[in-house]
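The residues making up each chain are set out below.
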Amino acid sequence: MASYHKPDEKTLQGLKDIANKLRINSIKATCASNSGHPTSCCSAAELMSVLFFHTMRYKADDPRNQCNDRFVLSKGHAAPVLYAAWAEAGFVKEADLLNLRKIDCDLEGHPTPVRQRDFGGQQDAAAIISLLCCSYRVYCMLGDGECSEGSVWEAMAFASYYQLDNLVAILDINRLGQSEAAPLRHDMETYRKRCEAFGWNTYVVDGHDVEELCKAFWQAQQVKGKPTCIVAKTFKGKGLKNIEDLDNWHGKPIPKDRVDDLLNDLQAQIQVPNKTLCPELPSDDTAPADLSPISLPSPPAYKKGDKMATRRAYGTALVKLGQASQRVVALDGDTKNSTFSETFKKAFPDRYIECFIAEQNMVGVAIGCATRDRTVAFASTFAAFLSRAYDQIRMGAISQTNVNLVGSHCGVSIGEDGPSQMALEDLAMFRAIPTCTVFYPSDAVSTERAVELSANTKGICFIRTSRPDTAVIYSPDEKFEVGVAKVVRQSDSDQVTVIGAGVTLHEALAAADMLASEGKNIRVIDPFTIKPLDASTILASARATGGQIITVEDHYKEGGLGEAVLSAVGAEPGIVVTRLAVSGVPRSGKPQELLDLFGISAKHIANAVRQTFAN
C-alpha cells in the first residue's frame, strides 16, 4: 500500500494563504453586491483551498474537460468561495468577482452553468452521484443544515450500495444554520456514526487544518469499495473577529464600517502573497462524449389494430435505442416490471441502474449521468411518484440538464390501485418546468418515436405512458415531430374538434364512431406533445369546426391538456373550449367504470358533442 508523504512547509503555507485569499475575495464580492453569504464561505475556505490546489486534478483553462475531477457545491449559498477559487486558479478574472449577482454577470447568487461555464454548482446532494464507472473522482461539499434533508441520506445509501469509491462527500459542519444552530451542532461523533452506518468510510477532521485535510483526502483515494465522507468541524465566519461562530450572520454581507479592519486582519496572515499553487493535471484517459444523434435501428414493428400498452412499448423502444447507442442508460425506482424498463435491464444489465424506492435520488442520479452529455439517461417510475422529486426536477432545469423522465400509470385508467397511484397532476408539474418537453403518446408507434425524439431533444423530457392496452392507430412509417399534432379523424362536415391524448384519444375515436352512426361528424386531434403544443393545427381545426373545441383528459382540470389548449387559443376570438377532466379525488374501480364516473369516457364525449350541436 502506498505511504503518505506530508506536503512540505511551503506548500502547507501556500494552502493557508490561499484559504485567506478566498476569504478576502468572498468578502469583497459580497460587499460589492451588498448580498450573499460571506460567513458560509469562510467556514469552507481551507476545504476549498486543499481541494482545488492540492487534491483535485483538473485543467483550469478547460473546466468541462472530460478527464477532470468533478466538484459539486451542494451548499450553493457559498458560491462566492467557489468563484474565488476559480479566480485563484486563473479561470475567472479576479475583477469579475466584484460583479457577483449582477444581471450581466455569470457569477450568480447560487452556482449555475451559465453560458456554458461549468462551475460545478448543484444545490442538491442527490445530484452528485457520478457514473458508476469512471476514472475521475467526484467531490461534493455539503452544509450541515442540508443534512436534515432526506435526499442526502437517499444519496448516501445509494452510493454505499454501489460502492462508489470515486466519490468523496465533504460535510462542512460549521454548527450554524440559517435561523438557528443545526440539530447536531458540533456533535462530530454522531455525524461519524451516521455516515458509517450508511456504509461510508468516514474521517472526522479539523476543517481549518490544511495538513490534516491533505492527509484525509489522500487516505480517501486509497480506499476501495466504499465512498468516503470527510466530516469537517469548522466555524461559520472563521477568521472574522466578533463574527466567527456567532448567530445571526447567515446571508449578510460584512457591514461597511467593519470591512477594512477584517480584510487587513486576513491580509496580515498571508505570508507569501504572490506564491500560487497550481492544480495537477488529470490523466487523459477518457474519450470525449459522442454527441451524434441516436435513431431507432428499425421502425416500430406493430400493425394497426394491435393492442399494446404504451408503457410496454416504452420498454421495447428503450432496448432498440440501447442497441443503437452505448450512451443510452436506464434507471428505475423498483417499478421496472410495471414501467417495463426491465426489458432494458435484461438486454443491457451493465447500463441499467436500480435506484429502489428513492425517487429524489433517482432523478438526481439521472441528472448526474446526463451531465456533460456523456450518457443519454432515461429514468422511469409511476408518474405519481415523480412528484416526490419535483425539487430535483426544477433544479435539473436550472442546471440545464438533458434528462429523460418517464411516468407510467397515469390517470384513473389505472383502475383498482386507487388514487394514491394515479398521476393526475403530472402534466401540470412538467408543463411548469421551463426547459421541459412533454410527450403524451397515444399508441405503441408514437411511443417508440417519443423515446427516439426525447433522446435527441435538449432539456428535460417527460414521457407520459398509460397502463391499459390500447389499439395501434399509426402505421410503422408514420413521422412524428416535437410540437406537431396529428389529425386522426376528419371530414368536410366536422362540427366540433375533440382533442384527447393517451387513453382519452381512444375514447374520442370511439365517440366519433358513435356520433358518425347518428350522422354527426367530429374532428379528432392527437397533440402528441402537450408542450410545445401545436397551436396552429388546433386553431385551423377550430376554425373549420365552427370554433368549437372539446378537450378530454385523464388528468385534473388544473394545468393539464385543457388549460394548454386554452392558452393556445386564448387570443383567438370566437372559439369556445369545453373541458372534460377528472374532478375531485378518485377511488378504486375498474378502468372503464372510472372513466365513466369522471365523465371522460366515449359516451360522455359524445354527450358533450351533442350538447354542442344542441347549442
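Note that this is a predicted model, so its numbers are computed, not measured.

Hey, could you go over the overall build of the protein chain for me, with residue numbers and the actual values?
Along the backbone of the protein chain there are 20 helices and 19 strands. By the compact-globule yardstick of 25 Å for 615 residues, the protein chain fits well, its C-alpha radius of gyration being 28 Å. Taking the principal axes of the C-alpha coordinates as reference, the protein chain spans close to 90 × 55 × 40 Å. Among the 615 residues that make up the protein chain, the fraction classed as buried is 60%. For the protein chain, contacts bridging at least 24 residues in sequence account for 78% of all contacts bridging at least 6. Accessible surface, the protein chain: about 23900 Å² in total, of which carbon and sulfur atoms supply 47%. Positive and negative side-chain charges in the protein chain, numbering 66 and 74 respectively, have mean positions lying 0 Å apart.

Now, about the sheet that holds strand E2 (residues 138–143): what can you tell me, with residues and values included?
As summarised here, the arrangement of the five strands in space is E1-E2-E3-E5-E4, forming an open sheet in which the pairing is parallel. Here the strands that pair on one side only, and so sit at the sheet edges, are strand E1 (70–73) and strand E4 (201–206). On average, adjacent strands in this sheet sit at an angle of 20° to one another, irrespective of strand direction. Strand direction decides the pairing type here: E2 and strand E3 (residues 167–173), joined by six bridges, are parallel.

How would you sum up the side chain of Thr-465? Please name residues and give values.
Relative to the elements of secondary structure, Thr-465 occurs in the loop between strand E12 (461–464) and strand E13 (470–471). With residues up to four places along the chain from it excluded, the contact list for Thr-465 reads Thr-310, Arg-311, Tyr-314, Val-406, Gly-407, Ser-408, His-409 and Cys-410.

Hey, could you go over the pattern of salt bridges for me, with residue numbers and the actual values?
All told, the structure shown has 26 salt bridges when counted by the stated rule. When the shortest N-O distance is used, the salt bridge between Glu-244 and Lys-238 registers 3.9 Å. By relative accessible area, which is 29% here, Glu-244 ends up partly exposed. Classification of Lys-238 as partly exposed rests on a relative accessible area of 25%.

Explain the state of the cysteines to me, and be specific about the residues and the numbers.
This structure, assessed with the given rule, holds zero disulfides. Cysteine Cys-461 is unpaired, with the sulfur of Cys-436 as its nearest cysteine sulfur at 6.8 Å.

Calculation rules
Residues numbered from 1 in each chain as written. Predicted model: local features only at pLDDT ≥ 70, side-chain atom pairs only at ≥ 80, totals over all residues. Heavy atoms only, no water. Helix = DSSP H or I, 4+ residues; strand = E, 2+ residues; numbered from the N terminus. Rg over C-alpha atoms; globule rule 2.2 N^0.38 Å. Buried < 20%, exposed > 50% of the residue type's maximum accessible area, 1.4 Å probe, protein only. Contact = heavy atoms within 4.5 Å. Areas by Shrake-Rupley, 256 points an atom, 1.4 Å probe, with all protein chains shown as cover. Lys, Arg positive; Asp, Glu negative; His and termini not counted. Charge placed at Lys NZ, Arg CZ, Asp CG, Glu CD. Pairing = 2+ DSSP bridges. Axes fitted to C-alpha atoms, helices over the stretch in contact; angles between N-to-C directions. Salt bridge = Lys/Arg side-chain N within 4 Å of Asp/Glu carboxyl O. Disulfide = S-S within 2.5 Å.

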